[in-house]
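Fold and contact review
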Amino acid sequence: MELDVRHLRVLCAIADTGSLRKAALQLGMTQPSLTTQLHRIERAIGGTLFTREQTGSRPTALGHSVLSRARPVIGELAALVAAARQEARDAAGPGRRRRLRIGSVGGRTVAAWLRRVHQRLPDTDTTIHVDVSASALLRMVASDQLEVAFVHESEGFPLRVPPGAEHRVLMAREPQFVALSAGHPAAARSVVHLADLAEDTWMVDPTADHEYAALRRVFRAAGLDPRVVQVRDNATAAELVASGEAVRPCQPTALPGPGTVVRPVHGDPLAVRLLFTWRPRALGPPALDALHAELRAAYLESAEVNPAYRAWLARHEPGLLGRA
(Lines give C-alpha, C1' and ligand atoms only; values in the text may rest on other atoms or scores of the structure.)
Protein backbone atom coordinates (compact mmCIF):
# COMPACT_ATOMS: atom_id res chain seq x y z
CA MET A 1 0.00 0.00 0.00
CA GLU A 2 1.27 3.49 -0.87
CA LEU A 3 0.67 6.22 1.69
CA ASP A 4 -1.26 9.35 0.76
CA VAL A 5 -2.58 12.42 2.58
CA ARG A 6 -5.68 10.52 3.70
CA HIS A 7 -3.47 8.11 5.67
CA LEU A 8 -1.53 10.99 7.22
CA ARG A 9 -4.79 12.53 8.40
CA VAL A 10 -5.66 9.22 10.07
CA LEU A 11 -2.38 9.27 12.03
CA CYS A 12 -2.83 12.90 13.06
CA ALA A 13 -6.42 12.29 14.17
CA ILE A 14 -5.34 9.40 16.41
CA ALA A 15 -2.51 11.47 17.88
CA ASP A 16 -4.69 14.57 18.41
CA THR A 17 -7.61 12.75 20.03
CA GLY A 18 -5.49 10.17 21.86
CA SER A 19 -8.10 7.53 21.14
CA LEU A 20 -8.99 5.25 18.23
CA ARG A 21 -12.67 5.60 19.11
CA LYS A 22 -12.58 9.40 19.14
CA ALA A 23 -10.46 9.51 15.99
CA ALA A 24 -12.95 7.25 14.21
CA LEU A 25 -15.82 9.56 15.20
CA GLN A 26 -13.86 12.60 14.00
CA LEU A 27 -13.09 10.94 10.67
CA GLY A 28 -16.57 9.51 10.17
CA MET A 29 -15.35 5.91 10.32
CA THR A 30 -16.11 2.90 12.48
CA GLN A 31 -13.47 1.98 15.04
CA PRO A 32 -12.81 -1.46 13.46
CA SER A 33 -12.27 0.20 10.07
CA LEU A 34 -9.88 2.72 11.57
CA THR A 35 -7.98 -0.02 13.40
CA THR A 36 -7.62 -1.95 10.15
CA GLN A 37 -6.45 1.20 8.38
CA LEU A 38 -3.85 1.85 11.08
CA HIS A 39 -2.51 -1.70 10.82
CA ARG A 40 -2.16 -1.30 7.05
CA ILE A 41 -0.29 1.99 7.50
CA GLU A 42 2.03 0.41 10.07
CA ARG A 43 2.73 -2.50 7.73
CA ALA A 44 3.49 -0.08 4.90
CA ILE A 45 5.91 1.83 7.11
CA GLY A 46 7.36 -1.23 8.79
CA GLY A 47 6.89 -0.39 12.45
CA THR A 48 4.43 0.32 15.27
CA LEU A 49 3.23 3.92 15.37
CA PHE A 50 0.98 3.86 18.45
CA THR A 51 0.82 1.96 21.72
CA ARG A 52 -2.55 1.11 23.27
CA GLU A 53 -2.82 2.08 26.95
CA GLN A 54 -5.66 2.33 29.46
CA THR A 55 -5.69 6.11 28.99
CA GLY A 56 -5.73 5.88 25.19
CA SER A 57 -3.38 5.59 22.22
CA ARG A 58 0.06 7.21 22.42
CA PRO A 59 2.60 7.66 19.60
CA THR A 60 5.75 5.56 19.76
CA ALA A 61 9.14 7.10 19.00
CA LEU A 62 8.61 6.09 15.37
CA GLY A 63 5.11 7.52 15.52
CA HIS A 64 6.40 10.89 16.72
CA SER A 65 8.93 10.90 13.89
CA VAL A 66 6.28 10.17 11.27
CA LEU A 67 3.87 12.73 12.74
CA SER A 68 6.53 15.45 12.74
CA ARG A 69 6.80 14.99 8.97
CA ALA A 70 3.10 14.37 8.33
CA ARG A 71 1.79 17.57 9.93
CA PRO A 72 3.70 19.97 7.64
CA VAL A 73 2.47 18.02 4.60
CA ILE A 74 -1.14 18.34 5.76
CA GLY A 75 -0.57 22.00 6.60
CA GLU A 76 0.84 22.73 3.17
CA LEU A 77 -2.10 21.02 1.50
CA ALA A 78 -4.55 22.99 3.66
CA ALA A 79 -2.72 26.20 2.75
CA LEU A 80 -2.91 25.31 -0.95
CA VAL A 81 -6.68 24.68 -0.71
CA ALA A 82 -7.25 27.84 1.34
CA ALA A 83 -5.29 29.99 -1.12
CA ALA A 84 -7.12 28.46 -4.08
CA ARG A 85 -10.51 29.08 -2.47
CA GLN A 86 -9.55 32.67 -1.71
CA GLU A 87 -8.54 33.20 -5.34
CA ALA A 88 -11.85 31.72 -6.43
CA ARG A 89 -13.74 34.10 -4.12
CA ASP A 90 -11.73 37.05 -5.36
CA ALA A 91 -12.44 36.05 -8.96
CA ALA A 92 -16.16 35.99 -8.18
CA GLY A 93 -16.08 39.77 -8.03
CA PRO A 94 -16.67 42.52 -5.46
CA GLY A 95 -19.32 42.51 -2.81
CA ARG A 96 -18.14 39.42 -0.93
CA ARG A 97 -17.52 39.80 2.80
CA ARG A 98 -13.92 39.99 4.06
CA ARG A 99 -12.81 36.90 5.99
CA LEU A 100 -10.97 36.82 9.33
CA ARG A 101 -9.96 33.50 10.88
CA ILE A 102 -8.96 33.72 14.54
CA GLY A 103 -7.32 30.98 16.59
CA SER A 104 -7.11 30.80 20.37
CA VAL A 105 -6.36 28.57 23.29
CA GLY A 106 -9.39 27.96 25.50
CA GLY A 107 -10.50 30.25 28.30
CA ARG A 108 -12.92 33.01 29.22
CA THR A 109 -11.04 35.59 27.16
CA VAL A 110 -12.00 33.86 23.89
CA ALA A 111 -15.70 34.75 23.90
CA ALA A 112 -15.03 38.34 25.01
CA TRP A 113 -12.44 38.79 22.26
CA LEU A 114 -14.71 37.38 19.57
CA ARG A 115 -17.59 39.60 20.71
CA ARG A 116 -15.40 42.69 20.55
CA VAL A 117 -14.09 41.77 17.09
CA HIS A 118 -17.65 41.28 15.80
CA GLN A 119 -18.57 44.72 17.14
CA ARG A 120 -15.52 46.41 15.60
CA LEU A 121 -15.75 44.55 12.26
CA PRO A 122 -19.45 43.88 11.67
CA ASP A 123 -18.99 43.44 7.92
CA THR A 124 -16.23 40.84 8.29
CA ASP A 125 -16.91 37.11 8.25
CA THR A 126 -15.09 36.23 11.48
CA THR A 127 -14.60 32.64 12.65
CA ILE A 128 -12.85 31.18 15.70
CA HIS A 129 -10.79 27.98 16.02
CA VAL A 130 -10.06 26.89 19.60
CA ASP A 131 -7.24 24.44 20.34
CA VAL A 132 -5.46 23.69 23.62
CA SER A 133 -2.20 23.22 21.69
CA ALA A 134 -0.35 26.49 21.07
CA SER A 135 1.99 24.72 18.64
CA ALA A 136 -0.96 23.53 16.55
CA LEU A 137 -2.34 27.08 16.38
CA LEU A 138 1.06 28.48 15.34
CA ARG A 139 1.27 25.91 12.56
CA MET A 140 -2.17 26.97 11.36
CA VAL A 141 -1.11 30.63 11.30
CA ALA A 142 2.07 29.81 9.39
CA SER A 143 0.21 27.62 6.87
CA ASP A 144 -2.46 30.23 6.02
CA GLN A 145 -5.26 28.52 7.92
CA LEU A 146 -5.55 31.38 10.43
CA GLU A 147 -4.80 35.10 10.22
CA VAL A 148 -4.15 35.64 13.95
CA ALA A 149 -4.01 33.53 17.12
CA PHE A 150 -3.80 33.96 20.89
CA VAL A 151 -1.50 31.38 22.52
CA HIS A 152 0.13 30.52 25.86
CA GLU A 153 3.81 29.59 26.30
CA SER A 154 4.75 27.58 29.42
CA GLU A 155 7.59 29.13 31.37
CA GLY A 156 10.84 27.28 30.71
CA PHE A 157 9.54 25.76 27.46
CA PRO A 158 9.70 28.37 24.68
CA LEU A 159 7.43 27.84 21.71
CA ARG A 160 9.00 27.49 18.29
CA VAL A 161 7.35 30.22 16.26
CA PRO A 162 7.37 29.00 12.62
CA PRO A 163 9.01 31.18 9.95
CA GLY A 164 5.57 32.00 8.58
CA ALA A 165 4.38 33.66 11.80
CA GLU A 166 5.23 36.67 13.96
CA HIS A 167 4.27 37.49 17.53
CA ARG A 168 3.75 40.25 20.08
CA VAL A 169 3.75 39.73 23.88
CA LEU A 170 0.37 40.39 25.48
CA MET A 171 1.55 39.57 29.03
CA ALA A 172 5.12 38.62 29.86
CA ARG A 173 4.29 36.47 32.89
CA GLU A 174 0.78 35.39 33.74
CA PRO A 175 0.64 33.41 37.01
CA GLN A 176 -1.19 30.12 36.96
CA PHE A 177 -3.65 29.57 39.80
CA VAL A 178 -4.87 26.24 41.14
CA ALA A 179 -8.41 24.85 41.22
CA LEU A 180 -9.28 22.69 44.22
CA SER A 181 -12.32 21.38 46.03
CA ALA A 182 -14.20 23.83 48.23
CA GLY A 183 -13.82 21.23 50.98
CA HIS A 184 -10.03 21.07 50.69
CA PRO A 185 -8.21 22.20 53.88
CA ALA A 186 -6.29 24.80 51.82
CA ALA A 187 -9.48 26.24 50.27
CA ALA A 188 -10.02 28.54 53.26
CA ARG A 189 -6.75 30.38 52.52
CA SER A 190 -6.59 33.31 50.13
CA VAL A 191 -3.20 32.08 48.83
CA VAL A 192 -2.02 28.46 48.91
CA HIS A 193 1.51 27.06 49.04
CA LEU A 194 2.69 24.18 46.86
CA ALA A 195 3.54 22.30 50.05
CA ASP A 196 -0.15 22.52 51.03
CA LEU A 197 -0.95 20.40 47.98
CA ALA A 198 2.04 18.05 48.04
CA GLU A 199 -0.10 15.06 48.99
CA ASP A 200 -2.76 15.75 46.38
CA THR A 201 -3.04 14.24 42.93
CA TRP A 202 -2.48 16.92 40.28
CA MET A 203 -4.12 16.86 36.85
CA VAL A 204 -2.92 18.24 33.53
CA ASP A 205 -4.27 18.10 29.99
CA PRO A 206 -1.97 15.86 27.89
CA THR A 207 -2.78 17.86 24.74
CA ALA A 208 -1.61 21.18 26.26
CA ASP A 209 1.95 21.87 25.12
CA HIS A 210 4.51 21.27 27.88
CA GLU A 211 1.95 21.57 30.71
CA TYR A 212 3.05 18.29 32.28
CA ALA A 213 6.77 19.07 31.88
CA ALA A 214 6.34 22.61 33.25
CA LEU A 215 4.51 21.31 36.32
CA ARG A 216 7.18 18.68 36.96
CA ARG A 217 9.87 21.35 36.59
CA VAL A 218 8.23 23.45 39.31
CA PHE A 219 7.85 20.47 41.62
CA ARG A 220 11.51 19.50 41.23
CA ALA A 221 12.57 23.06 42.07
CA ALA A 222 10.41 22.92 45.23
CA GLY A 223 11.71 19.47 46.23
CA LEU A 224 8.26 17.91 45.85
CA ASP A 225 7.09 14.83 43.99
CA PRO A 226 3.28 14.65 43.96
CA ARG A 227 1.39 12.31 41.70
CA VAL A 228 0.49 13.85 38.34
CA VAL A 229 -2.17 12.31 36.09
CA GLN A 230 -3.19 13.32 32.59
CA VAL A 231 -6.91 13.86 31.95
CA ARG A 232 -8.06 15.10 28.58
CA ASP A 233 -11.79 15.59 29.22
CA ASN A 234 -12.59 18.91 30.94
CA ALA A 235 -15.92 17.74 32.33
CA THR A 236 -14.27 14.75 33.99
CA ALA A 237 -11.44 16.92 35.30
CA ALA A 238 -13.94 19.37 36.83
CA GLU A 239 -15.79 16.54 38.58
CA LEU A 240 -12.53 15.13 39.97
CA VAL A 241 -11.58 18.53 41.37
CA ALA A 242 -15.03 19.14 42.89
CA SER A 243 -15.01 15.72 44.54
CA GLY A 244 -11.60 16.34 46.09
CA GLU A 245 -9.90 13.59 44.09
CA ALA A 246 -7.42 15.97 42.45
CA VAL A 247 -6.30 19.56 42.00
CA ARG A 248 -5.20 21.20 38.77
CA PRO A 249 -3.49 24.33 37.46
CA CYS A 250 -5.80 26.81 35.79
CA GLN A 251 -5.78 30.23 34.17
CA PRO A 252 -6.13 33.08 36.68
CA THR A 253 -9.12 34.37 34.70
CA ALA A 254 -10.97 31.10 35.33
CA LEU A 255 -14.06 31.21 37.53
CA PRO A 256 -14.61 28.36 40.00
CA GLY A 257 -17.04 25.64 39.01
CA PRO A 258 -19.63 24.12 41.37
CA GLY A 259 -17.98 22.83 44.54
CA THR A 260 -14.56 24.30 43.69
CA VAL A 261 -12.43 27.36 44.44
CA VAL A 262 -9.61 29.01 42.47
CA ARG A 263 -6.60 30.24 44.44
CA PRO A 264 -3.26 31.92 43.69
CA VAL A 265 -0.12 29.93 44.52
CA HIS A 266 2.41 31.56 46.84
CA GLY A 267 5.39 32.94 44.91
CA ASP A 268 3.69 32.29 41.56
CA PRO A 269 5.91 29.32 40.66
CA LEU A 270 3.70 28.36 37.69
CA ALA A 271 3.47 30.89 34.89
CA VAL A 272 2.93 31.29 31.14
CA ARG A 273 3.66 34.00 28.59
CA LEU A 274 0.71 35.23 26.53
CA LEU A 275 1.36 35.88 22.84
CA PHE A 276 -0.62 37.48 20.05
CA THR A 277 0.56 35.89 16.79
CA TRP A 278 -0.13 36.60 13.14
CA ARG A 279 0.94 35.78 9.61
CA PRO A 280 2.90 38.56 7.87
CA ARG A 281 0.98 40.30 5.10
CA ALA A 282 -2.28 38.68 6.20
CA LEU A 283 -3.45 41.99 7.64
CA GLY A 284 -2.17 45.56 7.63
CA PRO A 285 -0.65 47.21 10.74
CA PRO A 286 -3.84 49.14 11.65
CA ALA A 287 -5.94 45.96 11.60
CA LEU A 288 -3.34 44.05 13.64
CA ASP A 289 -3.16 46.86 16.19
CA ALA A 290 -6.95 46.87 16.47
CA LEU A 291 -7.16 43.10 16.97
CA HIS A 292 -4.38 43.22 19.58
CA ALA A 293 -6.15 46.07 21.40
CA GLU A 294 -9.43 44.14 21.45
CA LEU A 295 -7.66 41.03 22.74
CA ARG A 296 -6.02 43.03 25.52
CA ALA A 297 -9.35 44.63 26.47
CA ALA A 298 -11.07 41.22 26.45
CA TYR A 299 -8.34 39.78 28.66
CA LEU A 300 -8.63 42.60 31.21
CA GLU A 301 -12.42 42.24 31.12
CA SER A 302 -12.03 38.58 32.07
CA ALA A 303 -9.47 39.43 34.75
CA GLU A 304 -11.75 41.98 36.42
CA VAL A 305 -14.54 39.43 36.89
CA ASN A 306 -12.34 37.07 38.93
CA PRO A 307 -11.88 38.56 42.43
CA ALA A 308 -8.79 36.49 43.18
CA TYR A 309 -7.00 37.56 40.01
CA ARG A 310 -8.14 41.16 40.36
CA ALA A 311 -6.59 41.19 43.85
CA TRP A 312 -3.38 39.66 42.44
CA LEU A 313 -3.19 42.32 39.72
CA ALA A 314 -3.81 45.05 42.29
CA ARG A 315 -0.74 43.81 44.19
CA HIS A 316 1.58 43.01 41.29
CA GLU A 317 0.33 45.09 38.33
CA PRO A 318 -1.54 48.02 39.93
CA GLY A 319 -1.60 50.07 36.74
CA LEU A 320 -2.85 47.32 34.46
CA LEU A 321 -6.54 47.29 35.37
CA GLY A 322 -6.71 51.06 35.19
CA ARG A 323 -5.69 50.89 31.51
CA ALA A 324 -8.53 48.57 30.52
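Residues numbered from 1 in each chain as written. Predicted model: local features only at pLDDT ≥ 70, side-chain atom pairs only at ≥ 80, totals over all residues. Heavy atoms only, no water.

Comments concerning the overall build of the protein chain
Of the regular secondary structure elements, the protein chain holds 10 helices and 12 strands. The C-alpha radius of gyration of the protein chain comes to 21 Å, within 12% of the 20 Å expected for a compact globule of 324 residues. Seen through its principal axes, the protein chain has C-alpha atoms that stretch 60 × 50 × 30 Å. When burial is assessed residue by residue, the protein chain has 45% of its 324 residues classed as buried. Across the protein chain, contacts joining residues at least 24 apart in sequence account for 72% of those joining residues at least 6 apart. Accessible area of the protein chain: about 16200 Å², with a carbon and sulfur share of 52%. (Helix = DSSP H or I, 4+ residues; strand = E, 2+ residues; numbered from the N terminus. Rg over C-alpha atoms; globule rule 2.2 N^0.38 Å. Buried < 20%, exposed > 50% of the residue type's maximum accessible area, 1.4 Å probe, protein only. Contact = heavy atoms within 4.5 Å. Areas by Shrake-Rupley, 256 points an atom, 1.4 Å probe, with all protein chains shown as cover.)

Thoughts on unusual backbone geometry
Positive phi values are uncommon outside glycine, yet Asp144 reaches one of about 65°. The residue Asp144 is located in the loop between helix H6 (134-142) and strand E5 (148-154) in this model. Despite not being glycine, Arg281 has its phi angle at roughly 70°, a positive value. Assignment of secondary structure puts Arg281 in the loop between strand E12 (271-278) and helix H9 (285-305).

With respect to helix H1 (residues 5-17)
The end-to-end C-alpha distance of H1, which contains 13 residues, comes to 18 Å, matching closely the 18 Å that a straight helix rising 1.5 Å per residue would cover. For H1, every residue scored as buried is listed here: His7, Leu8, Val10, Leu11, Cys12, Ala13, Ile14, Ala15 and Thr17. One side-chain oxygen of the residue at the start of H1 lies 3.0 Å from the amide nitrogen of Arg6, identifying that residue as Asp4. Just beyond H1, the residue with positive phi is Gly18, at close to 70°. (Expected span 1.5 Å × (residues − 1). Polar contact = N/O pair within 3.5 Å; in protein donor to acceptor, adjacent residues only side chain to side chain.)

Remarks on a nonpolar patch on the surface
Judged by side-chain polarity, Leu3, Ile45 and Leu62 come together as a nonpolar surface patch covering roughly 210 Å² of accessible area. As for its position among the elements, Ile45 is in helix H3 (residues 31-45). (Patch = residues over 30% accessible without salt bridge, like charges linked within 9 Å, V, L, I, M, F, W, Y side chains within 5 Å. Salt bridge = Lys/Arg side-chain N within 4 Å of Asp/Glu carboxyl O.)

Some points on the nonpolar core
With 45 residues, the main nonpolar core has Trp113, Val148, Phe276 and Tyr309 as its most contacted residues. Per-element accounting of this core gives the leading share, 7 residues, to H9. Excluding its chain neighbours within four sequence positions, the residues that come into contact with Tyr309 are Met171, Glu174, Pro175, Phe177, Pro252, Thr253, Tyr299 and Ala303. Among the nonpolar cores identified, the runner-up in size contains 19 residues, and Leu11, Ile41, Val66 and Leu67 belong to it. (Core = buried A, V, L, I, M, F, W, Y, C linked by side-chain atoms within 4.5 Å.)

Structural notes on the packing of H1 against helix H2 (residues 20-27)
Here H1 crosses H2 at 125°, and the two axes come no closer than 8 Å. Put simply, H1 runs oblique to H2. The interaxial crossing formed by H1 with H2 has right-handed handedness. Contacts between H1 and H2 involve Arg9, Val10, Ala13, Ile14 and Thr17 on the former and, on the latter, Leu20, Lys22, Ala23, Gln26 and Leu27. (Axes fitted to C-alpha atoms, helices over the stretch in contact; angles between N-to-C directions. Parallel < 35°, antiparallel > 145°, perpendicular 65-115°, else oblique. Left-handed = near helix turned anticlockwise from the far one by under 90°.)

Structural notes on the pattern of salt bridges
Throughout the structure, instances matching the rule amount to 16 salt bridges. A salt bridge links Arg6 to Asp4; the shortest N-O distance between them is 3.2 Å. The exposure class of Arg6 is partly exposed, given its relative accessible area of 46%. Linking Asp225 and Arg216 is a salt bridge whose minimum nitrogen-to-oxygen distance equals 3.1 Å. Judged by its relative accessible area of 67%, Asp225 is exposed. On the basis of relative accessible area, Arg216 is assigned to the buried category, the value being 17%. A network of salt bridges, in which partner residues are shared, links Arg115, Arg116, Arg120, Glu294 and Glu301.

Description of H3
The terminal C-alpha atoms of H3 lie 21 Å apart, and with 15 residues this matches the ideal 21 Å at 1.5 Å per residue to within 8%. Among the residues of H3, Leu34, Thr35, Gln37, Leu38, Ile41 and Glu42 are the ones counted as buried. The arc enclosing the buried residues of H3, seen along the axis, measures out at 160°, which places them on a common side. More than 90 degrees from the buried face of H3, the exposed residues found are Pro32 and Arg43. Against H1, H2 and strand E1 (50-53) lie the buried residues of H3. Backbone geometry just downstream of H3 places Gly46 in the positive-phi region, at approximately 100°. (Arc of directions from axis to C-beta.)

Observations regarding the side chain of His292
Inspection of the secondary structure puts His292 in helix H9. Note on His292: relative accessible area 12%, which makes it buried. Beyond its immediate sequence surroundings of up to four residues, His292 is in contact with Arg168, Val169, Leu170 and Phe276.

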